[in-house]
Amino acid sequence: MEDAVDRALIVKLQEAFPVDSRPFRVLGEQLGAPEAEVIARIAGLKQAGQIREISAVFEPRRLGAVTALAAVEVAPEQLDAVAAAANAFPEVTHNYEREHDYNLWFTLVAADEARLREVFTAVANSPGVRRAALAPAVRTFKISVNLRP
Amino acid sequence: MEPRLLSALQIDLPLTERPFAALAEQVGLTEAELLAGLAGALESGEVRRYGARVQHRALGFTANAMVVWAAPPARVEEAGRLMAQHPAVSHCYERPTFDGFPYNLYTMIHGRRREECEAVAEELARATGLSEWRSIYSRREFKKQAPSFRSDLRSQI
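These notes cover the structure that comes with them. Here the structure is a predicted model, which is why all the values come from computation and not from measurement. (Residues numbered from 1 in each chain as written. Chains lettered and ligands numbered in written order. Predicted model: local features only at pLDDT ≥ 70, side-chain atom pairs only at ≥ 80, totals over all residues. Heavy atoms only, no water.)

Overview of the overall build of chain A
When helices and strands are tallied, chain A shows five helices and six strands. In chain A, the succession of α and β elements from N to C terminus is α-α-α-β-β-α-β-β-α-β-β. What you see for chain A is a C-alpha radius of gyration of 20 Å, clearly larger than the 15 Å of a compact globule of 149 residues, by over 25%. With the principal axes as the frame, chain A shows a C-alpha extent of 55 × 35 × 25 Å. A total of 149 residues make up chain A; the buried ones form 49% of that total. Put simply, 62% of the contacts in chain A that link residues at least 6 apart link residues at least 24 apart. A total accessible area of about 6300 Å² is found for chain A, and carbon and sulfur atoms account for 50% of it. If the 17 positive side-chain charges of chain A are averaged to one point and the 20 negative ones to another, these points end up 5 Å apart. (Helix = DSSP H or I, 4+ residues; strand = E, 2+ residues; numbered from the N terminus. Rg over C-alpha atoms; globule rule 2.2 N^0.38 Å. Buried < 20%, exposed > 50% of the residue type's maximum accessible area, 1.4 Å probe, protein only. Contact = heavy atoms within 4.5 Å. Areas by Shrake-Rupley, 256 points an atom, 1.4 Å probe, with all protein chains shown as cover. Lys, Arg positive; Asp, Glu negative; His and termini not counted. Charge placed at Lys NZ, Arg CZ, Asp CG, Glu CD.)

Some words on the pattern of salt bridges
For the structure shown, the criterion picks out 25 salt bridges over all chains. Across the pair R48(B) and E59(A) runs a salt bridge, and its minimum N-O distance is 3.2 Å. Residue R48(B) is located in strand β1 (residues 47-54), and its partner E59(A) is located in the loop between β1 (51-58) and β2 (66-74); the two belong to separate chains. Note on R48(B): relative accessible area 33%, which makes it partly exposed. In this structure E59(A) comes out as buried when scored by relative accessible area, which is 15%. A salt bridge links R115(A) to E91(A); its shortest N-O distance comes to 2.8 Å. With R115(A) in helix α5 (residues 113-124) and E91(A) in the loop between α4 (79-87) and β3 (92-98), this pair connects stretches of sequence that are 24 residues apart. Its relative accessible area of 23% is what places R115(A) among the partly exposed residues. (Salt bridge = Lys/Arg side-chain N within 4 Å of Asp/Glu carboxyl O.)

Structure representation (structure tokens):
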């Protein structure tokens, strides 16, 4: 079970990862723990599945990519198959069953508009799909997924 | 973005004393080049943030509500800005409405229990004066992964 140091570490790892040659030593100085302990704690948090990985979160549009949210209404008995069809595309990054007539919602990040439509259309044409819509963001007011344990 | 930098920044950081040196070596950069490149990409906004990607459910955030709002066009801007200020709102977007879905403002709310998410939605409704909204909870997570960017085909996915 995580303790106070783990909780502080999870926040720092998300919000203020040191861009430094010895980032774990810097984190240790901030948290009052030796570098080796910080490394061991992060390994433990990864083992427990609380941290997936440490990497960059890009701004897709700045890299020339296009993004959208897709909403799909699928016959319940076909839902798993349509979800799997969507998952097969690397452009599909998040995919959830939700409690609504539109019961499958996934996000797309694609190299360009044509590819985005191609992936969406392939999923929308799957057996069992009743209707589907593409809802790209018109305006972004907030993106921040830092969770405080 | 420089292709080697783009590759390195997508690799899970090794848990060693000099992890950026290890990453840099994998792609053929020096540690100093990688650190300067990362700092520059954060500064320019190409990288939104660098750090841990967490597993919401393992951290106890088992309730995940997409709360959607029907905001009159003239009020979207003000409502979106207000909602974005709430710490429990992780994402807030304006999106077009579509068949059978009259909602144009989306807020993602993470909570330990549904009641927490509902309380946040009620707060947002009071703060913005918007009365037409719905909480749509996730039932199953089929996929959650970082997009992968390749630079050899100009940001080809």
